Each structure stands twice: as structure tokens, then as C-alpha cells.
Amino acid sequence: ITLSADDKLIEAARTRARAEHTTLNEQFRRWLAGYVQQEQQADAAMALIDELRGQVRTGGQQFTRDEMNER
């Protein structure tokens, strides 16, 4: 895989990674894993919302936004 970015940005990222006792490559791996995980978590959350929509009943009562957000 080949990625490209501005040379100054890459050097700044390498410097920061060194200061954090890691490598730019390791930081990229962490970022990539998090990037993929965010989408998976969003998909799981939407699946749960869809599942709950079929289970929640209000008895026909309509609630205002403020009423729904009351604690």
C-alpha cells in the first residue's frame, strides 16, 4: 500500500510519534483500526435502533421534543 501526504506533515507526525515512543506506522495502524471500528459501531447502533423501534409503544400518545428529553 502506498499513501502520500505533504512532506512537512509527515515529518511533523514522525516527530510527534517519536515523542510518544512509537512510530508513525504504528500510529497509522491505530488510526486505521479506529476508523473501521467507528463504522462498525455506527452500524451496530443503527441495527439496535431499528430493533427497538418495533418494541417501543406509546399507546398512540405523541410526545414533544422536551417531553422526550425529560429525565
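**Q** Before we move on, can you summarise the overall build of the protein with the specific residues and values?
**A** A tally of helices and strands in the protein yields 3 helices and 0 strands. Relative to the globule expectation of 11 Å for 71 residues, the C-alpha radius of gyration of the protein, 22 Å, shows a markedly less compact shape. Projecting the C-alpha coordinates of the protein onto the three principal axes gives extents of approximately 60 × 25 × 20 Å. In the protein, which comprises 71 residues, the share counted as buried stands at 3%. Counting only carbon and sulfur atoms, one obtains 53% of the accessible surface of the protein, whose full area is about 7,000 Å². Charge centroids of the protein, computed over 10 positive and 12 negative side chains, lie 6 Å from each other.

**Q** Provide a residue-level description of the packing of aromatic side chains, including the pertinent values.
**A** Per the stated rule, a full pass over the model turns up 2 aromatic pairs. An aromatic cluster is built from Phe-28, Trp-31 and Tyr-35, whose rings are joined through pairwise contacts.

**Q** Explain the pattern of salt bridges to me, and be specific about the residues and the numbers.
**A** Scanning the model with the defined rule gives 6 salt bridges in all. Between Arg-29 and Glu-26 there is a salt bridge, with the nearest N and O atoms lying 2.8 Å from each other. Separated by 3 residues within a single helix, Arg-29 and Glu-26 lie in helix H2 (residues 24-53), roughly one turn from each other. By relative accessible area, which is 24% here, Glu-26 ends up partly exposed. One salt-bridge network, in which partners are shared between bridges, spans Glu-11, Arg-14 and Arg-18.

**Q** Please set out helix H1 (residues 7-19) residue by residue, giving values where relevant.
**A** In an α-helix, one turn spans 3.6 residues, which is why side chains three or four residues apart end up on the same side. Given a rise of 1.5 Å per residue, 13 residues ought to cover 18 Å, and the 18 Å separating the end C-alpha atoms of H1 matches this to within 8%. For H1, the capping residue at the N-terminal end is Asp-6, with a side-chain oxygen 3.1 Å from the backbone nitrogen of Lys-8. Trailing H1 by a residue or two, His-21 shows a phi angle of about 55°, which is positive.

**Q** With reference to specific residues and values, describe the environment of Gly-34.
**A** Relative to the assigned elements, Gly-34 resides in helix H2. A relative accessible area of 26% places Gly-34 in the partly exposed class. The spacing of Gly-34 and Asn-69 is 35 residues in sequence and 30 Å in space, taken between C-alpha atoms.

Reading the values: the criteria
Residues numbered from 1 in each chain as written. Predicted model: local features only at pLDDT ≥ 70, side-chain atom pairs only at ≥ 80, totals over all residues. Heavy atoms only, no water. Helix = DSSP H or I, 4+ residues; strand = E, 2+ residues; numbered from the N terminus. Rg over C-alpha atoms; globule rule 2.2 N^0.38 Å. Buried < 20%, exposed > 50% of the residue type's maximum accessible area, 1.4 Å probe, protein only. Areas by Shrake-Rupley, 256 points an atom, 1.4 Å probe, with all protein chains shown as cover. Lys, Arg positive; Asp, Glu negative; His and termini not counted. Charge placed at Lys NZ, Arg CZ, Asp CG, Glu CD. Phe/Tyr/Trp six-rings, centres within 6.5 Å; stacked < 30°, edge-to-face > 60°. Salt bridge = Lys/Arg side-chain N within 4 Å of Asp/Glu carboxyl O. Expected span 1.5 Å × (residues − 1). Polar contact = N/O pair within 3.5 Å; in protein donor to acceptor, adjacent residues only side chain to side chain.

Scope: geometric values only; no functional claims are made or implied.
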